[in-house]
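Chain by chain, the residues:
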Amino acid sequence: MSIWKYKHDRGGDTSALSVSITVAAGHGVIGQNGIAPASGFPDAAINSTGDLKAFDGTTYSDFVSGAARPGIDPDPDTYRLTVRKGGLPISSITFQPILSSPTATELDINALMLVGKAISATPQQLIALGAGLADLDTKKAQADADHAAAVQSLADSAQAQAQFLASANLTPWSGGDHTTLPSAAGNYRIMTGAEQGQVWTRSTNGATATRSPALESLSNNDYAIPNIIIRPNSVTIKDEMGGAQTKIAYTLENFGVKADTLTDNTSKMQMAVDSDEHLIFTGLAGGDYSVDGTVTATNPLGRVYEFRGQSRILQQATRTPALKLVGAVDTEIRNPRLAGLGAGEWTGLSSNMGRLLWLMGGQDVRVKGGLITDFGYAGLYAELIAGLIVDGLKVVGPSDITVNGNHNFGIKFASNWDEEGRPGGIIQRCNVSRTAQGIFTGPGWDELLIDLNWVYDIMGQHCMYLNPGNDMTVTRNRVFRAILNGIKVQASFANRGNSKKNLVLTGNRAANTGNWAFVVSSIYGGLDEGGNVVPQSYFLNPTISNNVNRSCLGGMEIDTVRDIKFDSNETEDSGGMAYSFRNATGRGRGNKARNSKTSTIQMLQPVSGGRIELLDWDVVGSNLDLTGLSGSSDQRNMIYAENTGQVIRLSGRFDVGAGNPDYSLYEAIAGTVELSDLTLPRYKADGTVLNARITGELAELDRVNALTWYASPTIPALGRKGRGFTPLQTLNGAVPPNDTVPYVAG
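Residues numbered from 1 in each chain as written. Predicted model: local features only at pLDDT ≥ 70, side-chain atom pairs only at ≥ 80, totals over all residues. Heavy atoms only, no water.

(A) Examining the overall build of the protein more closely. Secondary structure assignment for the protein yields three helices and 65 strands. Looking at the protein as a whole, 49% of its 746 residues qualify as buried. In the protein, of all internal contacts separated by at least 6 residues, the share reaching a separation of at least 24 is 63%. When the accessible surface of the protein is summed, it comes to about 32800 Å², and 51% of that surface belongs to carbon and sulfur atoms. (Helix = DSSP H or I, 4+ residues; strand = E, 2+ residues; numbered from the N terminus. Buried < 20%, exposed > 50% of the residue type's maximum accessible area, 1.4 Å probe, protein only. Contact = heavy atoms within 4.5 Å. Areas by Shrake-Rupley, 256 points an atom, 1.4 Å probe, with all protein chains shown as cover.)

(B) Summary view of the sheet that holds strand β11 (residues 106-108). Overall, mixed pairing links the three strands, which are arranged β8-β1-β11 in an open sheet. Across the chains shown, the open sheet's two edge strands, defined by having one partner strand only, are β8 (63-65) and β11. Mean inter-strand twist for the sheet, computed between neighbouring axes without regard to direction, equals 35°. Two strands pair when backbone bridges link them, and strand β1 (residues 2-5) and β8 are joined in this way by three bridges, in the antiparallel orientation. Bridge pairing in β8 links I3 to V64. (Pairing = 2+ DSSP bridges. Axes fitted to C-alpha atoms, helices over the stretch in contact; angles between N-to-C directions.)

(C) Focus on the pattern of salt bridges. As enumerated under the stated definition, the model contains 27 salt bridges in all. The partner of R308 in a salt bridge is E306, and the shortest N-O contact between them spans 2.7 Å. For R587, the salt bridge goes to E613, with nearest N and O atoms at 3.5 Å. Taken together, the residues R587 in strand β53 (residues 586-589) and E613 in strand β56 (residues 611-620) connect sequence positions 26 residues apart. Using a relative accessible area of 41% as the deciding quantity, one classes R587 as partly exposed. (Salt bridge = Lys/Arg side-chain N within 4 Å of Asp/Glu carboxyl O.)

(D) Highlighting the nonpolar core. In terms of nonpolar packing, the biggest core is built from 99 residues, with L359, I411, F581 and M603 touching the most fellow members. Aside from chain neighbours lying at most four places away, what touches M603 is F581, I612, L614, I639, Y640, A641, E642, I648 and L650. Core analysis: the second largest hydrophobic core is formed by 21 residues, W4, I46, F63 and L81 among them. (Core = buried A, V, L, I, M, F, W, Y, C linked by side-chain atoms within 4.5 Å.)

(E) Spotlight on the environment of G286. Its location among the elements puts G286 in the loop between β19 (278-281) and β20 (289-291). For G286, a relative accessible area of 65% corresponds to the exposed category. Along the backbone, G286 and S311 are 25 residues apart, and their C-alpha atoms lie at a distance of 6.9 Å. Filtering out sequence-adjacent residues up to four positions away, G286 remains in contact with A259 and S311.

(F) Focus on the packing of aromatic side chains. For the structure shown, the criterion picks out 20 aromatic pairs. Here F281 and Y289 contribute two aromatic rings whose centre-to-centre distance is 5.8 Å and whose plane-to-plane angle is 85°, an arrangement assigned as edge-to-face. Considered together, F281 and Y289 belong to a single accessibility category, that of buried residues. Each ring, one from Y663 and one from Y666, has its centre 5.1 Å from the other, and the planes form 65°; the classification is edge-to-face. The exposure class assigned to Y663 is buried, which follows from its relative accessible area of 18%. (Phe/Tyr/Trp six-rings, centres within 6.5 Å; stacked < 30°, edge-to-face > 60°.)

(G) Region of interest: unusual backbone geometry. Phi at N335 takes a positive value of approximately 50°, unusual for a residue other than glycine. Inspection of the secondary structure puts N335 in the loop between β24 (323-334) and β25 (337-339). Under the relative-accessibility criterion, N335 is labelled partly exposed at 29%.

(H) Region of interest: the confidence of the model for the protein. On average, residues of the protein score 76 in pLDDT, and 71% of them are at 70 or above. In this model, residues 171-232 is a region of pLDDT below 50 whose contacts with residues beyond four sequence positions or in other chains number 114 contacts. Note that pLDDT drops below 50 for residues 343-350; the model gives that stretch 18 contacts with residues more than four away or on any other chain. (pLDDT = per-residue confidence, 0-100.)

(I) Region of interest: the environment of D634. Structurally, D634 can be placed in the loop between β56 and β57 (639-641). Expressed as a C-alpha distance, the spacing of D634 and M603, which sit 31 residues apart in the sequence, is 9.5 Å. Setting aside chain neighbours within four positions, we find D634 in contact with S599, Q602, L604 and Y640.

(J) Representation of the environment of N299 in the model. The residue N299 is located in the loop between β21 (295-298) and β22 (304-307) in this model. When the C-alpha atoms of N299 and D276 are compared, they prove to be 9.0 Å apart, with 23 residues separating the residues in sequence. Sequence-distant contacts of N299, defined by excluding residues within four places in its chain, comprise V326 and G327.

(K) Region of the structure containing helix α3 (residues 266-274). Within the sequence span of α3, burial applies to T266, M269, A272 and V273. With its buried residues spanning 120° around the axis, α3 presents them on a single face. Pointing more than 90 degrees away from the buried face of α3 are the exposed residues S267 and D274. Residues of α3 that are buried in the fold lie against β19, β20, β21 and β23 (313-315). (Arc of directions from axis to C-beta.)

(L) Up close: the side chain of T585. Mapped onto the elements, T585 comes out in the loop between β52 (579-582) and β53. Of the polar contacts made by the side chain of T585, one reaches the backbone nitrogen of D563; its length is 2.9 Å. Other than its neighbours up to four places away in sequence, T585 contacts V561, R562, D563, I564, V607, G610, R611, I612 and Q646. (Polar contact = N/O pair within 3.5 Å; in protein donor to acceptor, adjacent residues only side chain to side chain.)

(M) View of the pairing of strand β43 (residues 503-506). In this structure, strand β39 (residues 472-475) lies alongside β43, joined through four bridges in parallel fashion. Following the sheet pairing, M472 is matched in β43 by L503. By the bridge criterion, three bridges tie β43 to strand β47 (residues 543-545) in an arrangement that is parallel. Opposite T506, over in β47, you have S545 as the bridge partner.

Below, the structure written as structure tokens:
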């Protein structure tokens, strides 16, 4: 036994204070002489100095009770000491009576507070606790009443079901599961929690009915006997006004499908999609839904196929589609999870053999979320659909795609055109990796948005290879680590004559590609009378802006594009050329280049009679590595232009940095050049003079700091030499007619 010490702060209060000590284990109240009934008070109190004392009504003495010796005795129960004034609790402390050492003879309860081994409560907390306990007592009584009502309701439901079965002449089918039912019988299923999967047949005068449509939907409380179905689940869809509606749905398990990774579910899953019901893939058995063939949903209208949990449709056969939707309208696949056996063999096979999720034909089809892995030809393959949305899908290719070469696509939108063309749709927030090509779109997809996708670790060709119809927007995508290009957009053939396709390519980021970061090109259609390349299908006024690439082999290539708008793009640490313009017209402003290994700007195959303006350049570091480039290579110059009959206008600031180009500006073929507000470097990084060479006409030369020139321009009467440009040598006041005389700025 030990003396219990406890100090209570009276705060000047001289009232009589009693003490009760209760044990959490339900032993009641403990007092000076042991445990007393829980309804009584112990003979303990707080004396005038605030100390805990035993009290017999007259005399105070030490309060003595049991306490555990640390390391010797087992842990005691939890105690609560409550100080009361006139029967009302005014303070409380909860603790375990454990002595400070094995030899201690006193238990200092206040000291337990200081070391965090006791918890106190204020009067307000005690009052709130009492009120809460009273409220719980009231709610318990209501809960007991509700439980009794629920039990009675369940009993009433069971009785009503039995009465319904009897009145409808329904008896359980004893011949096995529903796949064994005679085809002539009018069979349907009652889906309740206790009877999921049981099959019932309707009897008429002792014989099975000859006609009863299976799984037919109900409407307007139409309870014709052959059509009654009690369904076990639901999905939520949006109505035309954007509101949410709850629709009855079936789990695949209702059709005998098993997610055990072992059973071939092809036929039973086909029965499920043939029911034309909303379906839920729950994976109740904890495994995958294995199939050994293709499950095809034909002409689903307004259906929802929703995957819940982690179970997948697992295709056990090589080169075989797992799930195919044909002619779907207003149909949504939520969180699809599909997996195959990998790449499979490609040689000699039709490409449709490796499409894991195949969408063919239809309108307003949506794929929301999900994961597709380990496929042969394409994870998701879609064609001939108006208004297709793929949102948030993750696609991971097989571990080895080499057997398929480049015929392995994460998401492939195949040809989508017919005589009138089809509006396209959206690919957004998708994540595609470890494929030969990431996202591919074939010709004919009009009004297509490619937005906020991540595509990376592409082991065959391009992160994105886009063959648009009219009005394509490619924005805010992230592409990196590709064998070839990051994003390649090519205006391809369509069967509607020479197409003019609107394109917006903006806000994209690319890094670590084995070729160009971005490519925009058109299909060649031959040459006109002037020898210009005529695009068969090309972009009209494309906007290419605010795209950034880092550490790619090449920055941006623009090929056979007319009237381009090319603004605020940026290339950094290019392993080759920063920008290439081939057979292009248009204008750009505010573009940047940093540290390109070869040329900063290359202009090839000029458009006779055309014009290209590239203004306000900001270039630092060019031609940093000329290893392996021949002396005549166009990549040995900061700016290289082939120019016949096309007007080229340049302005901006160019700094070679650590580079040693042959020329700062090299115009290889005579043409018209307009230079204004242009700063070209005077020296190479090695300290030698850096020349600019122009062989064509200078239509305008204004505010140019081209410090050293080799030039033979003919300046027309309407042109002007401009400020800061003075020839070292003239012939009778005329510009020298050959390219052997240097010119320097004044």
